[in-house]
Amino acid sequence: MKKKHHHKKKISPTKKWSAKLHLWFGLSVGIIVFIVSLTGTLYVFKDEVQNIIRKEAIYVKKEDRSKKPLSIHTLREKVNLELNEKYPINSVEVSLDKGKSYRFLYYEKNKKGWNYFQEVLINKQVYVNQYTGEILAVYNEKYDFFNILKYIHWGLLLNSEWGKYVVGIPTVLFIFMLITGIILWWPKNKNARKGRFWFSWENVKTWKRKNYDLHNVLGFYASFIALLMSITGIYFAYPYVKNAFNYTLSGSLELPKEKQIKSPDSLMAKRTDIFDITAQQAEKLYAGSSSYRISFNGKNKKGKELKNLPITIYGQEGQFSERSILTFDKYSGKLLTNKPHQQLSNAEKYANANYDIHTGSCFGLFGKIIWFMAGLICTSLPVTGFLIWWGKRKKQGKKI
């Protein structure tokens, strides 16, 4: 009697190497992917949670709204006097909703600090009733739960200059894991396709099979959003990724540099009401916007002193994509340039929108919910993937 020979199904070289890369990358960076995914997922609803927790500080009393707001200079001096901080106030954010308080920000960094707590010297938000001058609340953002989540997500609480690469490299590998995962998932024919889109657990009793299906099916549905989140994440970390986006969108590797217009009134003494003069013009020009931010220290991201006074206008609450820039003479308050969002290049518009795409906020609350769910699945993938590998490893060990 002839023995029946069971021929193993031939695996294509593409799937064979995809399986190997998927496993190697998963085992090497799985723990970092888990941490980054979890912290990013928990951070998604930061604004919604804080708006509830800080409601008493965000909104001023109705009876105060009929009064005339105090000058920004007066409020700034009052905050400085009461808090008596070592570092100066950086900026103030003013909402065009007159029922909301002003937010003054203290922020100072030490670039030599090797971790987050040493790098960030101060990060405080001060909510002030603009009609009475009363300080409604002071929040130490340096130790805020969501801010710590953000910096774990960004660089595992390491210095932001090089911590982003510690997370960035695993994120790049995670992109390859997602691509190889899609290749491995892709069915050969219609019959194989049936069990790939949903769970068929009627006759399945083992947890190993259920765990495999969770990894396989949920991973597929989350993979496309996960790719988007990963690519927008490395946009922050790697300049060459940003340059690639810039070139694709606008034909230039770098974003247009802001021209520093020499102040025509530089011999004048700086007016104490300069911030109120510029604020009034900003509200008049962008009456339909959400809020605007005035910088007090007059420095750029590199710490160099600016020759003029910029004001950033935010078009929609909770989003950073629609931004316009007004530039004023810092001595007289004369408007020098007006750069509305509509006149920005495609690369500049994308640079402003990348954060909103990364967090899902560009699609509103619905987008945040979808991003949150995709984030939970991404958090589970290293766990379910490890259990699949561990189960196969134990099975092979028994055979030996």
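Computed from a predicted model, the values in this text were never measured in an experiment.

### A closer look at the packing of helix 1 (residues 13–43) against helix 7 (residues 160–185)
One can describe the packing of helix 1 onto helix 7 by two numbers: an axis separation of 8 Å at closest approach and a directional angle of 140°. In terms of their interaxial angle, helix 1 and helix 7 are classed as oblique. Handedness of the crossing formed by helix 1 with helix 7: left-handed. Classifying every residue of the contact of helix 1 with helix 7 by side-chain character gives 16 nonpolar, 7 polar and 1 charged.

### Some points on helix 7
Between its first and last C-alpha, helix 7 extends 36 Å over 26 residues, near the 38 Å set by a 1.5 Å rise per residue. Sitting at the amino-terminal end of helix 7 is Asn159, which places a side-chain oxygen 2.7 Å from the backbone nitrogen of Glu161.

### With respect to the sheet that holds strand 5 (residues 291–295)
Strand order in this open sheet of 8 strands is 4-3-2-1-5-6-7-8, and the pairing throughout is antiparallel. Both outer strands of the open sheet, strand 4 (135–140) and strand 8 (335–339), are each paired with one neighbouring strand and no more. With strand direction ignored, the average angle separating the axes of adjacent strands in the sheet is 20°. Examined bridge by bridge, strand 1 (residues 89–95) and strand 2 (residues 102–109) share 4 bridges and lie antiparallel to one another. Directly across from Ser91, in strand 2, lies its bridge partner Leu105.

### Regarding unusual backbone geometry
One non-glycine residue, Asn84, lies in positive phi territory at about 50°. Tracing the sequence through the fold places Asn84 in the loop between helix 4 (72–83) and strand 1. Although it is not a glycine, Leu156 sits at a positive phi angle of roughly 55°. Look at Leu156 and you get partly exposed, because its relative accessible area is 26%.

### Some remarks on the environment of Leu184
Tracing the sequence through the fold places Leu184 in helix 7. Residue Leu184 is classed as partly exposed on the basis of its relative accessible area of 28%. Sequence spacing of Leu184 and Thr14 is 170 residues, and the spatial spacing of their C-alpha atoms is 8.9 Å.

### A short note on the packing of aromatic side chains
Tallied over the full model, the rule gives 28 aromatic pairs. Ring geometry for Tyr235 against Phe245: centres 5.4 Å apart, planes inclined by 90°, an arrangement best described as edge-to-face. Of the two residues, Tyr235 is situated in helix 9 (residues 207–237) and Phe245 in helix 10 (residues 239–250); the sequence distance between them amounts to 10 residues. Grouped by ring-pair contacts, the aromatic residues Trp154, Tyr235, Phe236, Phe245 and Tyr350 constitute a single cluster. In this structure, Arg54 packs its charged tip against the face of Tyr139, placed 3.9 Å from the ring centre. For Arg76, the ring lying beneath its charged end belongs to Phe296, and the centroid distance is 4.5 Å.

Scoring rules and cut-offs
Residues numbered from 1 in each chain as written. Predicted model: local features only at pLDDT ≥ 70, side-chain atom pairs only at ≥ 80, totals over all residues. Heavy atoms only, no water. Axes fitted to C-alpha atoms, helices over the stretch in contact; angles between N-to-C directions. Helix = DSSP H or I, 4+ residues; strand = E, 2+ residues; numbered from the N terminus. Parallel < 35°, antiparallel > 145°, perpendicular 65-115°, else oblique. Left-handed = near helix turned anticlockwise from the far one by under 90°. Nonpolar A, V, L, I, M, F, W, Y, C, P; charged D, E, K, R; others polar. Expected span 1.5 Å × (residues − 1). Polar contact = N/O pair within 3.5 Å; in protein donor to acceptor, adjacent residues only side chain to side chain. Pairing = 2+ DSSP bridges. Buried < 20%, exposed > 50% of the residue type's maximum accessible area, 1.4 Å probe, protein only. Phe/Tyr/Trp six-rings, centres within 6.5 Å; stacked < 30°, edge-to-face > 60°. Lys NZ or Arg CZ within 6 Å of the ring centre and 35° of its normal.

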